[in-house]
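# Inside the fold
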Amino acid sequence: MTESATLELTQKQADARHVKRSDYASCTVAFIDCKKPGSHLKENYSIIGPGVSSSNDQVVNLPEPHGFNVGAAAMPSGITNNLHIHFTAEVFVVQKGSWTFRWGAHGEHSFEASEGDVLSVPTWIFRGFTNTGTDDGWIFTMLGGDNTGGVVFHPDIMIEAAEYGLFISKNNTLIDTSKGDPVPAEGETIPPMPAEDLAAIRDISPSEMTKRIVAESDRDFRPAFIDAGLPNCGAEIAPILGYGISQNRDHNPRITNPHTFSMEWLKMQAGQTVSPFVLDEKMVLIIRYGSVRLYLNEGSDVSVDLNAWETYSIPAGVVRRFQCLGDDAVEVLIVVSGDHRKWPRFRPEVLDAAWKDGKALDAGGFVAKASLLPNYGWAG
Ligand SMILES: [Fe+2]
């Protein structure tokens, strides 16, 4: 088997892909509803990718294209993000707080979400959310594609925003006449959606939406990798959407329509590691809780410690190894570019040790009892 060359990172290059919590830069004028009472205190974050903000003030931590965007919304108790449409997939991951998500032409359906819940809203559906908890809340958001095509707010919101002097230009830029922007001429702005088009928006019933929710209690954690039987290994994955990096053939994601990315939860107990592997796609890690040390390169000569709430982007082609730090477990959200199934390539010494442990990868790339395979050995 010939191994393709792997990419090596310097410590400086590795550090530049680490977005710490203090690096997240909020923008409170990102969208057309930013002056509406009850919505004025929402903070918008663009962490990876160009995002969908309508404001030029929005900071993007890692603007490099990943095939998807990662952002966040932070809102105090009682604050609402109003009904809007996206043209690519939008996935909400509740990091903190209690939230009510609403959807439908008039927000007539709702779902109560709490920490650890994930919801994927179909395209061309009006959606909004309110922090219905008693404390500040935080949601990570993933949007499909590099270019998400912008955002369209509900016509009621756009009509009200015009009363505050806010408009959206045809190229998705916020026009604020109270800040001196000239009043746009008719035809220069995106008009509110006509009533007949609003009426034609498809309805997603609550039972249909349930199939697009992976609540914390729904998660199906199973040992995920070929190294599961090796000392200090046995990390578990729970799929969320799309086909990710799990090598467990019993894993099935609940949500399978194309998003341009896959999402999985990775759980490691104290002291556990995931053995070194290479991936051909960009991989983003978001630490839900706990801490993990990320070793990079063939010789593990570069490392970065990732703590709760932080985001990290691993380039394609880099050897990476994870180690749970401290006395507690760590949970990591893993987002990988592409709708295809991903094939982690564990290093030959890992496959060799697994084989001695009686495990090999079958021709489908899934972990199997080696003695059951026609050619006793490992795939590839
Ligand atoms: Fe959104």
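Within each chain, residues carry numbers counting from 1 in the order of the written sequence. Local features in this predicted model are restricted to residues of pLDDT 70 or higher, and side-chain atom pairs are both shown and tallied only at a pLDDT of 80 or more, whereas totals for entire chains, interfaces and linings draw on every residue.

### Details of the overall build of the chain
- Helix and strand counts for the chain stand at 5 helices and 28 strands.
- Taken over C-alpha atoms, the radius of gyration comes to 22 Å for the chain, in line with the 21 Å a tight globule of 380 residues would show.
- By principal-axis analysis of the C-alpha atoms, the chain measures approximately 70 × 45 × 40 Å.
- Buried, partly exposed and exposed are defined by the number of other C-beta atoms within 10 Å of a residue's own C-beta, namely 20 or more, between the two limits, and 12 or fewer respectively, with C-beta atoms placed from the backbone. Per-residue burial over the chain gives 44% buried out of 380 residues. Secondary structure follows DSSP: runs of H or I at least 4 residues long count as helices, runs of E at least 2 residues long count as strands, and numbering of each begins at the N terminus. Radius of gyration: over C-alpha atoms. The globule rule applied is 2.2 Å multiplied by the number of residues raised to the 0.38 power.

### With respect to the sheet that holds strand β17 (residues 236-241)
- Each pair of strands is called paired provided DSSP finds at least two bridges between the two strands. Reading across the sheet, the 7 strands line up as β1-β23-β20-β25-β18-β17-β16 and stay open at both edges, with antiparallel pairing between neighbours. With one partner strand each, in any of the chains shown, β1 (18-19) and β16 (222-223) form the two edges of the open sheet.
- As judged from the 4 bridges shared by strand β20 (residues 283-289) and strand β23 (residues 311-314), these two strands associate in the antiparallel manner. Within β23, the position partnered with V284 by the bridge is S313.

### Here's the deal with the nonpolar core
- Defined on buried residues, the nonpolar core groups Ala, Val, Leu, Ile, Met, Phe, Trp, Tyr and Cys residues joined through C-beta atoms within 7 Å. In terms of nonpolar packing, the biggest core is built from 100 residues, with I334 and V335 touching the most fellow members.
- Three or more residues apiece are contributed to this core by two domains, here domain 1 (11-15 + 219-372) and domain 2 (31-213).
- A pair of residues counts as a contact when their C-beta atoms, built from backbone coordinates, are within 7 Å of each other. The residues contacting I334, other than those within four sequence positions of it, are G244, I245, M263, E264, L266, M283 and L285. How far each domain reaches was decided by an automatic or database domain assignment.

### Some points on the sheet that holds strand β4 (residues 68-75)
- Here we have 7 strands laid out as an open sheet, ordered β3-β2-β4-β11-β6-β9-β15, and mixed in their pairing. Each edge of the sheet is formed by a strand with only one pairing partner; in this case those strands are β3 (60-62) and β15 (213-214).
- As paired strands, strand β9 (residues 118-121) and β15 are joined by 2 bridges and run antiparallel to one another. Residue V118 lies in a different strand from β15, and its bridge partner there is V214.

### Describing the pairing of strand β21 (residues 291-296)
- Side-chain alternation along β21 places V292, L294 and L296 on a buried face and S291, R293 and Y295 on a face that remains uncovered.
- Bridging between β21 and strand β24 (residues 320-325) involves 6 bridges; their strand directions are antiparallel. In the sheet register, L296 faces β24, and the bridge partner there is R320.
- As judged from the 5 bridges shared by β21 and strand β22 (residues 302-306), these two strands associate in the antiparallel manner. Across the sheet, residue L294 finds its bridge partner in β22, namely V304.
- Joining the antiparallel neighbours β21 and β22 is a turn of 5 residues, in which N297 adopts a positive phi near 85°.

### Looking at the domain arrangement of the chain
- You can read the domains of the chain as domain 1 (11-15 + 219-372) and domain 2 (31-213).
- The distance between the C-alpha centroids of domain 1 and domain 2 comes to 31 Å.
- Domain 1 puts 19 residues into the contact, and the matching count from domain 2 is 20 residues.
- Asp, Glu, Lys and Arg are counted as charged, while Ala, Val, Leu, Ile, Met, Phe, Trp, Tyr, Cys and Pro are counted as nonpolar; the rest, among them Gly, fall into the polar class. Each residue belonging to the side of domain 1 that touches domain 2 can be placed in one class, and the counts come to 10 nonpolar, 6 polar and 3 charged.

### Quick look at the pairing of β4
- Across the 8 residues of β4, 8 count as buried, placing the element largely inside the fold.
- On β4, burial covers both faces: F68, V70, A72 and A74 on one face and N69, G71, A73 and M75 on the other are all buried.
- Bridge count between strand β2 (residues 43-48) and β4: 5 bridges; the pairing is antiparallel. Bridge assignment links S46 to a residue of β4, and that residue is G71.
- As judged from the 8 bridges shared by β4 and strand β11 (residues 137-144), these two strands associate in the antiparallel manner. The partner of M75 across the bridge, within β11, is G137.

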